[in-house]
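Tertiary structure, described
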Amino acid sequence: MNRQRLARSRPLAIEDLPDVVQIAQGSGGKLTHQLIETLFVPLFDNPYLKALGDQAILDPSTERMALSTDAFVVKPYIFPGGNIGDLAVNGTVNDLLMGGATPAYLTASFILEEGLPTKELVFIVESMAIAAKKAGVQIVAGDTKVVERGAADGLYITTTGVGFVPKGLQWSPAQIRAGDAVIVSGTVGDHGASVLAHRFGIDFESQIQSDTACLRDVVMAVRDLPGIRCMRDPTRGGLATTVQELSQASGLNLRIRETSMAIQEDVRGICEVLGLDALYLASEGKLVAVVAPEEADECLRIMRTVQESKDAAVIGEVTDDIPGFASLETYIGAVRVLDLLSLEQLPRIC
Amino acid sequence: MKFVDEYRDPAAARYLLEQIHKLCDAPQRIMEICGGHTHSIVRSGMEQVLPEAIKFVHGPGCPVCVTPIAKIDQAIALARRPRTIIATYGDMVRVPGSSSSLLQEKAKGAHVKIVYSSLDAVRLAVENPDSEVVFFAVGFETTIPANGFSVIRAKQLGLTNFSMLSNHVLVPPVIRAVLDDPGVRIDAFLGPGHVSTIVGSQDYEFIPREYHRPVVISGFEPNDILESLFMILKQRREGRCEVEVQYSRAVTKYGNPRAQDVVKEVFSPVEQEWRGIGAIAESGLSLRKELRAFDAYYKFHDWMPLPRPEEPCECICGEITRGVKEPRECASFGTGCTPERPLGACMVSSEGTCAAYYRYQHVTIQTGGARD
């Protein structure tokens, strides 16, 4: 029997929370319960979380299970086009999708900084709820800790996701063959440029919006095509890093063309101003797919019918020229190797 | 921001390359002075598509690379001083001094802040009245006016906790020094675009007049550089030798007089030590005598007598900065010296020749993809 509940005259609501996050809200005591019961449980709204157990007990599946985890420490935690909340949901969901999995469940672990305005926390948790709903996942378990002022930048969120992979699906860089097409689902570098512009206080005619988005619809639309070899989302390290990783893992050469890649004008502008390379800036709502040549056109056609990948394009091919390295054909016609970045181009973008 | 696209037209690049191939009938060693040009040349893979006869010689135009070790050691000494904040531009924190770098000092607890504008350094001083803010300011003509303005602002605000450790260097004297060096052979120059927006094109007229080498002041897009090469070859073909401006969207003959006034108000010319090159008369700027209250070198003179700086013996940054040697001629390139663990300054800044080669060509050479 819960005596506290008996003592209450009415259930607590979000308005009853203190204006800013307090240390005691991470103590596991009364204030922690209040936070969970007024904020997380109603917004994430599912039977697993409502049970308020130490664990969520999930139904079994006959399919193979995919598991992924990711920590989010982006600064600023609210940026044009999104915030750390939808980023934390989409990021992990997309990682599951890149293996061909249907995302099903998430857990979310919060590290909150003392003094974080409750209004902002509520906004972020609401964004997570909306993103989870859109992605078709339930946030079934979580944790909240509060650290002293100055020990974190507002809040950090770690999400872990579970998804299920249909029988027979075996996407992996090992499937890549010379002659395959390299497709990217839209413009690259938007998220990195958005965070960067915001952090440096640079504004062009229009604000650069982060592209944070769930790739579920894109992946589900093309998942049945047998010619898909593998997918990757070019997050940290950007497109250049992704094609380099795929080249290394496949032992082949992914060669992309500078002239085929779509980069937004404002993104190019900020790269010019700050001397950055858009190929190394993160996207948070795009994917790279390596597809058998005979199915590239069909894959592209289907992708272009989905909102999140309406600008999909073939940006290069797989060759066996320089095994294990990615390369770039520059617009003046030279070819150079695309290496991994030696040093962080931009810290803390996700 | 549409302005970059028209300089990235593949058809224009093809046309310019055709013209260059037609005009180029003899070996040409062309020095690009500015590190921004080096970066663009290497990044676009330009040497692969140019005639073999055209050879770029990378010049001393990276401000981080030419800052002497002694100056880095001074900044490190001040970083160790209690209640002192060192404010500087990003790349400077990674440049190795004799035994440490500002980044290593930061990890040990020193207050080192990266600023993006000189006025950010002044703001730090306003916000931290109990600390001394030392603005470790480096740069060529492009950045000197803005750096100088920080001193004017600090003076207006009556700040007593702001000072500048200055390493400001000038392009024309170092070009003269390079041309006087018998080890360096150069047929023509790509003039620095950004520097010229401040000083104008007139500052380079001594090069054709006294040394009989053409100069074309170039923009930074690969097509800008291709067009500048075309203009150099055309001067040769037509028997002309003069200063021309390809980067006419930004550069005028007389530059930016307001910026030049700030420089005159704050700085006076001094003999300057260039890393790898040596001392060159009147090639640097230090704060004027009447502004010594803001000059960290004088303000903290007690902290300054430092042991003789030690250059890492295996590093050939000096010869690379002078255009005498190439990164791949260095035994440490890519092995003992990488952007993650730089031995010399050329591997630090993105404008540094070694860093540009490492990032864009190193693997190409290993895998046999590039021409040379």
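All figures in this text were calculated on a predicted structure; none of them were measured in a lab.

**Details of the overall build of chain A**
Per the secondary structure count, chain A includes 10 helices and 13 strands. At 22 Å, chain A has a C-alpha radius of gyration in line with the 20 Å of a compact globule built from 350 residues. Each of the three principal axes of chain A carries a C-alpha extent, and together these read 75 × 50 × 30 Å. Within chain A, contacts between residues at least 6 apart in sequence are counted, and of these 85% link residues at least 24 apart.

**A word on the domain arrangement of chain B**
Interfaces are often described in size by the accessible area the parts lose on coming together. All names here are of chain B. You can read the domains of chain B as domain 1 (24-303) and domain 2 (317-364). The C-alpha-based centres of domain 1 and domain 2 are spaced at 19 Å. Counting residues at the interface gives 27 residues for domain 1, matched by 21 residues for domain 2. Of all the secondary-structure elements, those providing two or more residues to the side of domain 1 that touches domain 2 are α2 (35-44) and β2 (54-61).

**As for the domain arrangement of chain A**
All names here are of chain A. In terms of domains, chain A is made up of domain 1 (3-165) and domain 2 (173-338). Each partner contributes residues to the interface: domain 1 has 20 residues there, and domain 2 has 23 residues. Contributing elements (two or more residues each) for the side of domain 1 that touches domain 2: α4 (84-97) and α5 (118-135). Here the element with the most residues in the side of domain 1 that touches domain 2 is α4; it accounts for 7 residues. Of the residues assigned to the side of domain 1 that touches domain 2, the class counts are 11 nonpolar, 7 polar and 2 charged.

**Topic: the confidence of the model for chain B**
Residues and elements named next belong to chain B. Averaged over all residues, the pLDDT of chain B equals 88, while 94% of them reach at least 70. Note that pLDDT drops below 50 for residues 365-372; the model gives that stretch 14 contacts with residues more than four away or on any other chain. Our summary of model confidence lists the complex with pTM equal to 0.82 and ipTM equal to 0.73.

**Some thoughts on the sheet that holds strand β4 (residues 111-114) of chain B**
Residue and element names in this part refer to chain B. Spatially, the 6 strands line up as an open sheet ordered β4-β3-β5-β6-β11-β10, and their pairing is mixed. In this open sheet, the two strands that pair with only one neighbour each are β4 and β10 (267-274). Direction aside, neighbouring strands of the sheet carry axes that sit 25° apart on average. With 5 bridges connecting them, strand β3 (residues 84-88) and strand β5 (residues 132-139) associate as parallel partners. Looking at β5, one finds that Thr-88 is bridged to Phe-136. Relative to β5, helix α6 (residues 118-127) is tilted by about 170°, and along the sheet it contacts β3, β4, β5 and β6 (162-169).

Cut-offs used in this document
Residues numbered from 1 in each chain as written. Chains lettered and ligands numbered in written order. Predicted model: local features only at pLDDT ≥ 70, side-chain atom pairs only at ≥ 80, totals over all residues. Helix = DSSP H or I, 4+ residues; strand = E, 2+ residues; numbered from the N terminus. Rg over C-alpha atoms; globule rule 2.2 N^0.38 Å. Contact = placed C-beta atoms within 7 Å. Domains from an automatic or database assignment. Nonpolar A, V, L, I, M, F, W, Y, C, P; charged D, E, K, R; others polar. pLDDT = per-residue confidence, 0-100. Pairing = 2+ DSSP bridges. Axes fitted to C-alpha atoms, helices over the stretch in contact; angles between N-to-C directions.

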